[in-house]
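# Topology and contacts: notes
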Amino acid sequence: MNSEYNALEIESQAQQYWKENKSFEVVEDSSKEKYYCLSMFPYPSGRLHMGHVRNYSIGDVISRFQKMQGKNVMQPIGWDAFGLPAENAALKNKVAPAKWTYENIDYMRDQLSQLGFGYDWSREIATCNPKYYKWEQWLFVKLFKKGLVYKKNAVVNWDPVDQTVLANEQVIDGRGWRSDALIEKKEISQWFMRITDYADELLESLDSLDGWPDAVKTMQKNWIGKSVGLEISFNRINNEPLKVYTTRPDTLMGVTYLAVASEHPLAIEAGSNNTEVQAFIDDCKTMETSEAAMETMEKKGVNSGLTCVHPITGQEVQIWIANFVLMGYGTGAVMSVPAHDQRDYEFAQKYTIPMLEVIRPINAEHDITQNAFTNKGILCNSGEFDGLNFDEAFEAIAQKLNTSNLGEKQTNYRLRDWGISRQRYWGCPIPIINCESCGSVGVPETDLPVTLPEDVSFDGIGSPIKKMPEFYQTTCPTCGGEAQRETDTFDTFFESSWYFARYACADNTEAMLDERADYWLEVDQYIGGIEHAILHLLYARFFSKLLRDEGLINHDEPFKNLLTQGMVLKDGAKMSKSKGNTVDPADMIQKYGADTVRLFILFAAPPTQDLEWSDSGLEGSYRFVNKVYRLVEGYLADAKTNDALSLDGVTLNKEQKQIRQKTHQSLSKITDDIDRRHSFNTAIAALMELTNTLGRFKQTDGQSMAIRLESIEIILRTLSPITPHLCHYLWQQLGHQEAIIDTLWPSVDKKALQQDEVQIIVQVNGKLRAKLMLNANTDKSIVEAQALADENVCKFTKDKTIVKVIVVPNKLVNIVIK
RNA sequence: GCCGAUGUGGUGGAAUUGGUAGACGCGCCGGAUUCAAAAUCCGGUUCCUUCGGGAGUGACGGUUCGAUUCCGUCCAUCGGCACCA
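Residues numbered from 1 in each chain as written. Chains lettered and ligands numbered in written order. Predicted model: local features only at pLDDT ≥ 70, side-chain atom pairs only at ≥ 80, totals over all residues. Heavy atoms only, no water.

### A word on the environment of Val441
Within the secondary structure layout, Val441 lies in strand 22 (residues 439-442). In sequence terms Val441 and Arg485 are 44 residues apart; their C-alpha atoms lie 9.5 Å from each other. With sequence-adjacent residues up to four places away left out, Val441 is seen in contact with Phe144, Pro431, Ile432, Ile433, Cys476, Pro477 and Thr478. (Helix = DSSP H or I, 4+ residues; strand = E, 2+ residues; numbered from the N terminus. Contact = heavy atoms within 4.5 Å.)

### Concerning the packing of helix 19 (residues 618-639) against helix 21 (residues 680-695)
Taken N-terminus to C-terminus, the directions of helix 19 and helix 21 make an angle of 40°; their axes are 10 Å apart at the nearest point. The angle between helix 19 and helix 21 falls in the class oblique. Every pair of crossing elements has a handedness; the one defined by helix 19 and helix 21 is left-handed. Listed contacts from helix 21 to Phe624, Lys627, Val628 and Leu631 of helix 19 are Leu687, Met688, Thr691, Asn692, Leu694 and Gly695. (Axes fitted to C-alpha atoms, helices over the stretch in contact; angles between N-to-C directions. Parallel < 35°, antiparallel > 145°, perpendicular 65-115°, else oblique. Left-handed = near helix turned anticlockwise from the far one by under 90°.)

### Brief notes about empty space enclosed by the protein
If you walk through the whole model with that rule in mind, you get 2 cavities of 30 Å³ or more. Approximately 170 Å³ is the volume attributed to the largest cavity. Lining the largest cavity are 18 residues, and of these Glu87, Thr164, Arg424, Phe458 and Gly460 lie nearest its centre. Secondary structure elements with two or more residues in the lining of the largest cavity: helix 3 (84-93) and strand 6 (164-166). Considering every element that reaches the lining of the largest cavity, the biggest residue donor is helix 3, with 4 residues. Across the lining of the largest cavity, the residue classes tally to 7 nonpolar, 7 polar and 4 charged. If you trace the second largest cavity, you find it lined by Trp18, Arg64, Met68, Ser720, Pro721, Pro724, Ile740 and Ile741. Each residue belonging to the lining of the second largest cavity can be placed in one class, and the counts come to 6 nonpolar, 1 polar and 1 charged. (1 Å grid on protein atoms, 1.4 Å probe; cavity = no way out; pocket = protein on both sides within 12 Å on 5 of 7 lines; lining within 4 Å. Points joined across faces, edges and corners; volume = space filled by probe spheres on them. Nonpolar A, V, L, I, M, F, W, Y, C, P; charged D, E, K, R; others polar.)

### Notes on the protein's contact with RNA strand B
Close contacts around RNA strand B come from 78 residues, with Arg422, Arg424, Arg623, Lys669 and Asn692 the closest. Restricting attention to atoms of RNA strand B within 4 Å of the protein, one finds that 62% of them are sugar or phosphate atoms. Contacts to RNA strand B include Gln190, whose side-chain N or O atom sits 3.2 Å from a base nitrogen. Backbone polar atom of Glu291 to a phosphate oxygen of RNA strand B: 3.0 Å apart, as the coordinates give it. When residues in the surface near RNA strand B are grouped by element, the largest group, 6 residues, is from helix 21. (Near = heavy atom within 4 Å. Polar contact = N/O pair within 3.5 Å; in protein donor to acceptor, adjacent residues only side chain to side chain.)

### Re the packing of aromatic side chains
Inspection of the entire model under this criterion finds 42 aromatic pairs. Ring plane angle 45° and centroid distance 6.2 Å describe the contact between Tyr5 and Tyr622, whose orientation is recorded as tilted. You can see Tyr5 sitting in the segment before helix 1 (7-20) and its partner Tyr622 sitting in helix 19, a full 617 residues away along the chain. The exposure class assigned to Tyr622 is partly exposed, which follows from its relative accessible area of 25%. (Phe/Tyr/Trp six-rings, centres within 6.5 Å; stacked < 30°, edge-to-face > 60°. Buried < 20%, exposed > 50% of the residue type's maximum accessible area, 1.4 Å probe, protein only.)

### Focus: the pattern of salt bridges
The tally for this structure, following the rule as stated, stands at 43 salt bridges. Taking the shortest distance from any N to any O, the salt bridge between Lys99 and Glu103 comes out at 2.9 Å. A residue pair is termed a helical-turn pair when its members lie 3 or 4 positions apart in one helix, as Lys99 and Glu103 do in helix 4 (residues 97-114) at 4 residues. Arg422 is the salt-bridge partner of Asp491, the closest N and O atoms lying 3.1 Å from each other. Here Arg422 lies in strand 20 (residues 421-422) and Asp491 lies in the loop between strand 25 (489-490) and helix 14 (499-502), a separation of 69 residues in the sequence. The exposure class of Arg422 is partly exposed, given its relative accessible area of 25%. Via salt bridges that share partners, Glu201, Arg541, Lys545, Arg548, Asp549, Asp556 and Glu557 belong to a single interconnected network. (Salt bridge = Lys/Arg side-chain N within 4 Å of Asp/Glu carboxyl O.)

### Remarks on the nonpolar core
Ranked by internal contacts, the top residues of the largest apolar core, which has 172 residues, are Met50, Met193, Phe500 and Leu716. Once residues lying within four places of it in the same chain are set aside, the contact partners of Leu716 are Val628, Val632, Cys727, Leu730, Trp731, Leu734 and Ile740. Judged by nonpolar contacts, the second largest core, of 43 residues, contains Val317, Val337, Phe385 and Ile397. (Core = buried A, V, L, I, M, F, W, Y, C linked by side-chain atoms within 4.5 Å.)

### Regarding the sheet that holds strand 31 (residues 757-764)
In spatial order, the strands read 32-31-34-33; together these 4 strands make up an open sheet with mixed pairing. Strands with a single pairing partner mark the edges of an open sheet, and in this sheet they are strand 32 (767-775) and strand 33 (802-808). The sheet shows a mean angle of 20° between the axes of neighbouring strands, direction not considered. Inspection of the sheet shows strand 31 paired to strand 32 by 8 bridges, in the antiparallel sense. By the bridge assignment, Val758 is partnered in strand 32 with Leu774. (Pairing = 2+ DSSP bridges.)

### Concerning the side chain of Ser304
In this fold, Ser304 is placed in strand 13 (residues 301-309). A polar contact is formed between the side chain of Ser304 and the backbone nitrogen of Leu306, at a distance of 3.0 Å. Looking at Ser304, its side chain comes within polar contact range of the main-chain oxygen of Ile319, at 2.6 Å. If we skip the residues at most four places from it in the chain, Ser304 touches Ala270, Val277, Ile319, Trp320 and Ile321.

### Brief notes about the layout of surface pockets
By volume, the second largest pocket is sized at about 570 Å³. Lys657, Gln661, Ala752, Gln754 and Asp756 are, among the 17 residues lining the second largest pocket, the residues nearest its centre. Secondary structure elements with two or more residues in the lining of the second largest pocket: helix 20 (654-675) and helix 24 (750-753). With 5 residues, the single largest contributor to the lining of the second largest pocket is helix 20. For the lining of the second largest pocket, the per-class residue count stands at 4 nonpolar, 5 polar and 8 charged.

Scope: geometric values only; no functional claims are made or implied.
If you want it as structure tokens, here you go:
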């Protein structure tokens, strides 16, 4: 054993050992319980940052821990390799997105290896590889034939200068990030998946996800946004009625205007003979499309001059055109009740539209001249409905409208169908051929994959494949006539929606998935950033149900347990390449070694908490790693001249007993912290305490040597998921033939835990006044008497009346005085 | 704006089921060791104090014998908001 801890040497040797012995390569094995541990795969942005290190360290600790529980553990890794940053890099560095991506993957694969993560590299996936995306094209064609995919018009951000579609992220204050041009909304035809067909199941099965954080389930539930309301028709003379959906039909009698989106046919009609209206509609064209922008921008509108008829009163209602109504959501029109909706209230005040109070609070006052009353209450000014509460009014109005065919109950979802078309180059080609006579035709299975040309020059003016006849010119599979390929690509969430299943059978060239997927699924533990709480996780759940309905897997849900890691922030914001605030672990690994870096990121905070990055304290982790090294070194030096006897556990002196007690208490805590609580920081703290305690215990008699060895071996095995290289090395130094990764987790000796005495806290009126050491399970009345007799306690109880005494066994006494 | 989180010493954080607030680190202060330094080891470190004690977990209220923990209102910060991944 070297007298100096040499991290880099120890680490490369351990990594070499794992590689040669295929320590992490697994196959299906019916004799063992399987455990599938998955961390969200990275986008190959160039270099790892501390967010990755955190994510993958957590996954590795759980994987190694489960392996030491004797389970058949699969921990795969791959690359979410399609996406926008490759195109941005292509523009900046004049390098093809494919080349840039593959180089990044090579670099980052090295970094992951250096960190010693126990991946089964034989299952590695890169989503930009045709062998991977072939199968999502195959699935897409099946879903297309099944009617789960359709085409419709949808709005995109159009940069008129760069002649390209921009992502929301690339639109800054309404302008293109490169061109600075005012961005226009543009409607183009795009592919959608009918995720709303599964809205109910996606909502219902959330209840079965016991291993998911409640916060994530709540966010998904709210995102799906199931509501029951009324679809109400407002008739228009000699025209189609205008339909609106509302969850507050009780406020119907308070409607003073309707609002439609600027793209609504009525708006276009109104604009065609009114320049003021047309000017407003034109103004709406340069408007950000994101919901956040919609909600926070100034609410504006214009009176269309058109009117409709209130379905109950028969009165004329104005139709306004408003910038906050979305054409793509619902009917593109809403009913407005200024007295009972704050947005309508402000809009009505701004444009002096009348307001009608029709709901009053039940047992309170509300001044409607101050703001809208948006709670439910009792109806007033509503004619025959006066005095009804929300539920009664809902039913009565629904019934009334139903008889006149002007309204019916409807269940609505906030969730919209998933738009999967992207007008980008670096993505998976949508496998559709457009034929003038046959329409859209799915690419036949034998012609898959539709391969994305990789050797292209990328200039940022639209996608290269839209300018490559050799790519898009083809023949129709149905009629054989001339036809054109779809040149849009999939949303990159498509790839990440099924990769977890593909890992189980990544080598299958004949099928998307096989029976091995059923062996490994569902994922026992999924780990990833909280920022994916809604979109990625919802799409992956959706895909699971699609795959199930195609008979490809037999699970309803992909992820049994979910650990949402908090963000690693730098300068108060999420680390990302586009913000330029990433921290590369490379230098730290070089200086301290991977074990120290892993230990530090896990020790810095509990995994679910956000973490503002700072490397102060990294030294402390390095110190601890060295301390463990010296602990073993010290033991081995003593062992040269002193033999460890077999531990008898009976004849031990007090100090020896205490060491064993501390050891097994720590083991118990560490096990629970890692397994149940995922509280790695406190597990490490317990390991530090135990190491410190043991470092002070230097006895060399036979029993003491045995106790030291037992304790050291517990430290090494419980620390090994966290700092695996160091523990691998030290385990060898202790003379073991079997590698530590192949050993089992130690078990707690309950006899060592036994405590003779317990500390009792004595409070007077909730304030700490004394601590007593008493035999465990001392009778309640004796504990109480002892507490009352305590000298310091008496100082506070003297001349006071004792109202009551609360005794919590083996823990606490609280004396309440007056 | 809406939805979901978070808020504790100089600092990262701990307190698991409502029961000792500040575990374990970092930093700082003092000591040992050293020719000296690094490294290491030992001790101290919430604030105020008349040294009895008092106050204190973003703010203000509430429930309780007892609240960092439960409830209400507010403030600040972070994540998501459908084309960043």
